[in-house]
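Report on the structure
Now for the letters of each chain:
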Protein chains: 2
Amino acid sequence: MHKIIFKFESGEGITAFAASGENLLEVARKTNVAIDAPCSGNAACGKCRVKLLSGQLESQKTRHITDEEYEEGWRLACVSHVISDVEVMVPDIASAYKGRMKAADLSSPEELKIFTETKDRLKVAGIALKNSLELIPVSMNVPSLDDTMPDVERLERALTAVTGIRQVRVPYTVLKVLPDKLRENNFSVQCVVRRSAKDVFVYDLYGMDEHVRAGGLVVDIGTTTVSALIIDMLNGDILAKATTGNGQIRYGADVINRIIESRKPGGQKKLQDAVIDETINPLIHTMCAACGLKPAQIYRMCVAGNTTMNHLFAGFNAEPLRTEPYIPVFFKTNSLFANDLGININPDAHIVVAPNIGSYVGGDITAGTLVSMIWNRPEFSIFIDLGTNGEIVFGNSEFMMSCACSAGPAFEGGDISCGMRATDGAIEACTIDETTMEPSFSVIGDPGQKPIGLCGSGLIDVISELFRCNMISPKGKFIREGARIRHDKYGMGSYVLAFKEDADSVKDVEITEVDIDNFIRAKGAIFSAIRTLLTSLDFDVSMVDDVYVAGGIGSGINMKNAVGIGMLPDIPLDKFHYIGNSSLSGAYAMLLSGEAERKVYELARSMTYMELSTTPGYMDEFVAACFIPHTDTSLFPSVHQAETE
Amino acid sequence: MHKIIFKFESGEGITAFAASGENLLEVARKTNVAIDAPCSGNAACGKCRVKLLSGQLESQKTRHITDEEYEEGWRLACVSHVISDVEVMVPDIASAYKGRMKAADLSSPEELKIFTETKDRLKVAGIALKNSLELIPVSMNVPSLDDTMPDVERLERALTAVTGIRQVRVPYTVLKVLPDKLRENNFSVQCVVRRSAKDVFVYDLYGMDEHVRAGGLVVDIGTTTVSALIIDMLNGDILAKATTGNGQIRYGADVINRIIESRKPGGQKKLQDAVIDETINPLIHTMCAACGLKPAQIYRMCVAGNTTMNHLFAGFNAEPLRTEPYIPVFFKTNSLFANDLGININPDAHIVVAPNIGSYVGGDITAGTLVSMIWNRPEFSIFIDLGTNGEIVFGNSEFMMSCACSAGPAFEGGDISCGMRATDGAIEACTIDETTMEPSFSVIGDPGQKPIGLCGSGLIDVISELFRCNMISPKGKFIREGARIRHDKYGMGSYVLAFKEDADSVKDVEITEVDIDNFIRAKGAIFSAIRTLLTSLDFDVSMVDDVYVAGGIGSGINMKNAVGIGMLPDIPLDKFHYIGNSSLSGAYAMLLSGEAERKVYELARSMTYMELSTTPGYMDEFVAACFIPHTDTSLFPSVHQAETE
């Protein structure tokens, strides 16, 4: 056995032991050291870089590591094998996905905006902001020799008297504390209950003077990013918010690689642990600490994620999702409880899952469609969710059609050499001076935060600006020379946004032609999906009244730039509305309002799903869209006009 | 720290470590070494004997250890403190309570008799032997691109089509295996379900060709003895049976001492672990091994026990049971599942608990009353359950009145120097030659089994015979001299049933005046309870048509002897019926038949409870009954007649 020390830039280290010949990426995975491997360890993406500090690794040399870097000790973990005790440094770009978890600052109105708007939209749509959780105070007679009714019957009768509902369910968790709680409080308690037409379910008991907070947990499980809220179920207030990388990232960047990993021995459990134990439970811990709630005071949970994500979350076999005829285990389920899945909240908490409508259109979209409100207007709208899977819904109050395309993780920083999610250190917006070719950018984080990488909104800006400044061709190749533009020995061009010394990173923050190519394919997938969907319905972009763009790709998208690069259709900019992470706000709505929850099930049932991969013409559309802005520039008159201005 | 080695007669040993001064009984308890301590470690019962093999103990000398025995190394664990490394021998009389667990030999008709009789009685009473568990085969369409319904919806619809019931519940445990089970079996499966009027709950899936056994678990939790069955829920067959000592025994012999122990820090969990992890789960393991069933194939469980036992089993605070106004947590509960309590069967298995009707009349009696069938006849009958708590029900199809008395553990061998439960080595029947005073006895176990101690039925016989042979006075003092009768230096008389060399024990098997005294108080408690109950209703024993005696005190009771010593009222012997362990057979009935289960709830509701401790005259009755047969011999005309014959 050899001793492996993984050192982080923070100075922390993790020690592991490995047999001679073991793959370093596998060792890291087993040890829960987060090293990005979007390609799942195929030496394709070049993101699993580590720096050898001492000892020896048997490593293959790849195009992702320059000779100079190799000399400095840089290796790809996926093609490195252990042959001695080693110490390797794991760059922060990796831990940026996973670590740096902190609760959001809720004093910033920006953080709360989409939830306030969601509430407002629900109200406008006539959806009551009322859920099944209630706080019911009951005062019982104190038992005596003449009144020897057992504790549970006493409580049940008291609740029946108040609610008029005969069936009262007191679960084991409450029975265990019942005698003490009743006696400590002289048989007068406040009960946190879930009340339905047919029964009352008791979650918890509090003394009459205790300040009760009945928490609810909202989780958007993205393929790359996981966002969560804790809300007060009694008034809808947001108590805490946090975001982190999906711990499954080390098992592959996209859903297909994750499913493949999950089919290896013990894989289903590993993938479930990665998203629950390593991602959601730490989020809960961070948020509970921030708002002073006990995890057991969270009585209900709503999860939205794509179909693969919610299958892997639940620990279900996801293999049938990716093989014909593409069958999910469930569209809708009422059978999940926190205790079953090991979610660290009240064990009896029900887990509401935003419903799937197919193997590739999941709860993130059904929840998002709710808050887009496109179902509540006679006008035709498009709802686009930019994620690792891009999903599009088109329709109005009469009909809705959906489709999904594999955009890849580029919008969230995956498959991009300096890509990262929209967290501290991410360049989220950028302009380039056409003459000097010098960039100006804004970086997420405290003032003075140096750039680490690029998040989705930053990428859109950079590529749009490179194109506007004639620095890259419509194919994404560099066509100007300059101090920030360079080519490696294979001829691959790149543009340096920030040199190492100005960056909070171990290497220059740059964008390469490979990155641009990956991004062009992502935006091409989105645009061609929109075109194919509209065409199949005999619609034209001119007939689209509004476009709602969602996704956690940054604080916002520069829509002009997104149109400029041919990602979104060329319609008047005032028709675009960025609605933020609609999967999260949709799940929030489902938790907050029983009517909203039912509405999502109704939307899911009424939505038609179009399988793009079997739709004639889609591949041609895709290929044609893999240009900036498009091979058919007539589709982008405003861009053409701008260029010729 | 000192090293403590507990050696068993079997040769096995357990090592523990203890600080200087620690109490040896406490060390044994912590180490899960079963040393009997019916008095919970107060030096009162003298049963926690251990033999010092090496090292030193600081021990108090008590009347329970003779000088000779002390010389030999015998000590009471409860008054011994660790002062050096020691090796102590723990006699088998202790492990007899806990160990020697083996599945019953079901080829013996005797073992199955009470269950066959129970079935017959239920049928006669018109109670259908049908429970809610069913095996439903369903064949579904294999999914295709034109039929992409999710797995769970496919299964739900198929079950609705067969049953006509809309609501189908597929729990997490089944969802997790659903995609694989369906595909392995080409979408044709047999479902083990629980079917009610309003829903179908799916427990398990099997292939069409698999032989399905849907098991049910019956457990009678006695204060001293725990008995269990595994039955086939689909046909009522007994698949396995086993009995063992209640692991809680080391925390005290009676319910009061157990409750006191449970209130110490961590006590509730310790008591629950003792009965579940150390008693019930091993019973399940033993029985499953014997009948080739997987624990997960046990889909429902029924438990009968006194109110304290079912509270400690469930891990509920039992303190309010023993303090005024004596309030249980529950009479009836539907909220317990195997998973909650850590019972090693199917995690979704419902735990049905025979209902309590008060703090001192519990599910053992309500279940037992069912199978006694006293509720189904116009004639007046008495049902008596002889256990550590003695319970009595009197009534007919019109009314029923119950009461409970603390008999102590004597019927099950507790509080008796050579007492043991009715297992291998127990003397279960005995006669004594009036002239030679030599005993003849039968011992439970294989032919040639030497006696280890006395079980309840053996005790009744021995005491009855000693009295018949004029060897003891009505007060239980020895009044004849002989080779087998001796007196210690304190003057306490005893009668040797088997000398050490003829016994499978480290000491003589004998019965002492203290034992006889303990037993007289036990039988006195029963008799006086019967008298008080009848008197309070203005009944006389002559008006009693039948007496059903239950309890796991041996293979049977010699009723003549039981009357002869004044334990049971002096009515014609043909009116007595020994119905075995009715708590176990009652729980069996509840599991086997949904109607029987409902009937027990109905009986529990209709039964009146009389609190003896507050009933005027009970104490006088008790004192008068602490004689053989009674201070008022006119109550036992047949005994008087026999004596004068």
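On a plain count of helices and strands, chain A comes out with 19 helices and 28 strands. In summary, chain A has a C-alpha radius of gyration of 26 Å against a globular reference of 26 Å for 645 residues, a match within 12%. Taken over the C-alpha atoms alone, chain A extends approximately 95 × 65 × 50 Å along its principal axes. In chain A, which comprises 645 residues, the proportion classed as buried is 54%. Within chain A, contacts between residues separated by at least 24 positions form 69% of all contacts whose residues are at least 6 apart in sequence.

All names here are of chain A. Pairing is mixed in the open sheet, where four strands are placed in the order S8-S10-S11-S9. Because the sheet does not close on itself, it has two edges, and the strands there are strand S8 (133-139) and strand S9 (167-169). Here the average twist between neighbouring strands, direction ignored, is 40°. Sheet topology places strand S10 (residues 188-195) next to strand S11 (residues 199-207); seven bridges connect them, and they run antiparallel. The residue bridging Val 193 from the neighbouring strand is Val 202, located in S11. Set on the sheet, helix H5 (residues 151-163) makes contact with S8, S9, S10 and S11; between it and S8 the angle comes to about 115°. Of the strands in this sheet, S10 and S11 touch helix H6 (residues 172-184), which is tilted by about 50° from S11.

Further remarks concern the interface of chain B and chain A. Listed per partner, the contact involves 33 residues of chain B and 33 residues of chain A. Those elements giving two or more residues to the side of chain B that touches chain A turn out to be helix H5 (151-163) and helix H6 (172-184) of chain B. By residue number, the principal contributor to the side of chain B that touches chain A is H6(B), which donates six residues. A per-class count over the side of chain B that touches chain A returns 20 nonpolar, six polar and seven charged.

Residues and elements named next belong to chain A. Across the sheet, which stays open at both edges, the three strands sit in the order S23-S24-S25 with antiparallel pairing between neighbours. Because the sheet does not close on itself, it has two edges, and the strands there are strand S23 (485-487) and strand S25 (509-512). Neighbour-to-neighbour, the strand axes of the sheet open up by a mean angle of 35°, direction not taken into account. As paired strands, S23 and strand S24 (residues 493-498) are joined by three bridges and run antiparallel to one another. In the sheet register, Ile 485 faces S24, and the bridge partner there is Tyr 495. Packing against the sheet, helix H14 (residues 513-536) makes contact with S24 and S25, and its axis sits at approximately 65° to S25.

With 348 residues, the main nonpolar core has Met301(A), Ala587(A), Met301(B) and Ala587(B) as its most contacted residues. Among the nonpolar cores identified, the runner-up in size contains 24 residues, and Phe6(B), Val27(B), Leu76(B) and Val90(B) belong to it.

A word on the relation of the copies chain B and chain A. Structural alignment of chain B on chain A gives an RMSD of 0.1 Å, achieved by rotating through 180° and translating 0.1 Å along the axis. Expressed as an axis order, the relation between the two copies is that of a two-fold axis. Relative to the rotation axis, the closest C-alpha in chain B is found at Asn339(B), a distance of 5.0 Å. A high fraction, 100%, of the interface residues of chain B reappear at the interface in chain A, so the copies pair face to face through one surface.

Moving on, we get to the domain arrangement of chain A. Residue and element names in this part refer to chain A. When cut into domains, chain A gives domain 1 (2-90), domain 2 (133-207), domain 3 (217-352), domain 4 (363-408 + 528-637) and domain 5 (410-519). If you list the elements that add at least two residues to the side of domain 3 that touches domain 4, you get strand S12 (215-221), strand S13 (225-232) and strand S15 (298-305). For the side of domain 3 that touches domain 4, the leading source of residues is S15, giving five residues.

So, about the environment of Gly358(A). Residue and element names in this part refer to chain A. Note on placement: Gly 358 falls in the loop between strand S16 (350-353) and helix H12 (363-372). With 237 residues separating them along the chain, Gly 358 and Arg 121 place their C-alpha atoms 27 Å apart. Contact partners of Gly 358, with chain neighbours within four places excluded, come to Thr 307 and Tyr 609.

Residue and element names in this part refer to chain A. One way to put it is that H12 packs onto helix H16 (residues 582-592) with a least axis distance of 7 Å and a crossing angle of 80°. Classed by the angle they form, the pair H12 and H16 counts as roughly perpendicular. Packed against H12, whose contacting residues are Asp 364, Ala 367, Gly 368, Leu 370, Val 371 and Ser 372, the element H16 presents Ser 582, Ser 583, Ser 585, Gly 586, Ala 587, Ala 589 and Met 590 at the interface. Across the contact of H12 with H16, the residue classes break down as six nonpolar, six polar and one charged.

Turning next to H5(A). Residue and element names in this part refer to chain A. For H5, which comprises 13 residues, the first-to-last C-alpha distance of 18 Å matches the rise-based estimate of 18 Å (1.5 Å per residue) to within 8%. Those residues of H5 hidden inside the fold are in contact with S8, S9, H6, S10 and S11. Of the residues trailing H5, Gly 164 is marked for its positive phi of about 75°.

Among the structural elements, Ala242(B) can be located in strand S14 (residues 238-245). Linking Ala242(B) and Thr286(B), residues 44 residues apart in sequence, is a C-alpha distance of 7.7 Å.

With an omega of -10°, the peptide bond between Ile628(A) and Pro629(A) qualifies as cis. By the element assignment, Pro629(A) lies in the loop between helix H18 (618-625) and helix H19 (637-644). Looking along the chain, the bond that leaves Glu324(B) and enters Pro325(B) is cis, with omega of 5°. Locating Pro325(B) in the fold gives a position in the loop between helix H10 (319-322) and helix H11 (338-341). Phi is positive for Asn186(B), which is not a glycine, with a value near 50°. Inspection of the secondary structure puts Asn186(B) in the loop between H6 and strand S10 (188-195). Unlike most non-glycine residues, Phe187(B) shows phi in positive territory, near 65°. Tracing the chain through its elements places Phe187(B) in the loop between H6 and S10.

All names here are of chain B. Of all the residues in helix H18 (residues 618-625), the buried ones are Tyr 618, Glu 621, Phe 622 and Ala 625. Axial view of H18: buried residues confined to an arc of 100°, hence all on one face. Residues of H18 that are exposed and point more than 90 degrees away from the buried face comprise Asp 620 and Val 623. Those residues of H18 that are buried lie in contact with helix H14 (513-536).

On to the confidence of the model for chain A. The predicted model of chain A has a mean per-residue pLDDT of 91, with 96% of residues at 70 or higher. Interface confidence for the predicted complex, given as ipTM, is 0.84, next to a pTM of 0.84.

Let us look at the environment of Ile351(A). All names here are of chain A. Here Ile 351 shows up in strand S16. Taking C-alpha positions, Ile 351 is 9.2 Å from Leu 217, a pair spaced 134 residues apart along the chain. Residues contacting Ile 351, with those up to four places away along its chain left out, are Met 301, Val 303, Leu 336, Phe 337, Ala 338 and Leu 341.

Cut-offs applied
Per chain, residue numbering runs from 1 following the sequence as it is written. Key to labels: chains lettered from A, ligands numbered from 1, both in the order written. For a predicted model such as this one, the threshold for reporting local features is a pLDDT of at least 70, and the threshold for listing and counting side-chain atom pairs is 80 or more; totals across whole chains, interfaces and linings nevertheless cover every residue. For the purposes of this entry, the term helix denotes a DSSP run of H or I that reaches at least four residues, the term strand denotes a run of E that reaches at least two, and both are numbered from the N terminus. Radius of gyration: over C-alpha atoms. The globule rule applied is 2.2 Å multiplied by the number of residues raised to the 0.38 power. The exposure label follows from counting other C-beta atoms within 10 Å of a residue's C-beta, where the C-beta atoms are placed from the backbone and the thresholds are 20 or more for buried and 12 or fewer for exposed, leaving partly exposed in between. What counts as a contact is two residues whose backbone-derived C-beta atoms lie within 7 Å of each other. Should DSSP find at least two bridges between two strands, the strands are regarded as paired. All axes are obtained by fitting lines to C-alpha atoms, using only the stretch in contact for helices, and the reported angles, taken between N-to-C directions, cover 0 to 180 degrees. Classes in brief: Ala, Val, Leu, Ile, Met, Phe, Trp, Tyr, Cys and Pro nonpolar; Asp, Glu, Lys and Arg charged; the others, Gly included, polar. We define the nonpolar core as any set of buried residues of the types Ala, Val, Leu, Ile, Met, Phe, Trp, Tyr and Cys, connected via C-beta atoms lying within 7 Å of each other. Superposition of the copies used a least-squares fit over C-alpha atoms from residues whose pLDDT is at least 70 in both. What marks off one domain from the next here is an automatic or database domain assignment. In what follows, roughly perpendicular refers to angles from 65 to 115 degrees, roughly parallel to angles under 35, roughly antiparallel to angles over 145, and oblique to any angle outside these ranges. Expected helix span is computed as 1.5 Å times (number of residues minus one). To be clear, the arc concerns the directions from the helix axis to the C-beta atoms. Values of pLDDT, ranging from 0 to 100, describe the predictor's confidence in every residue of the model.

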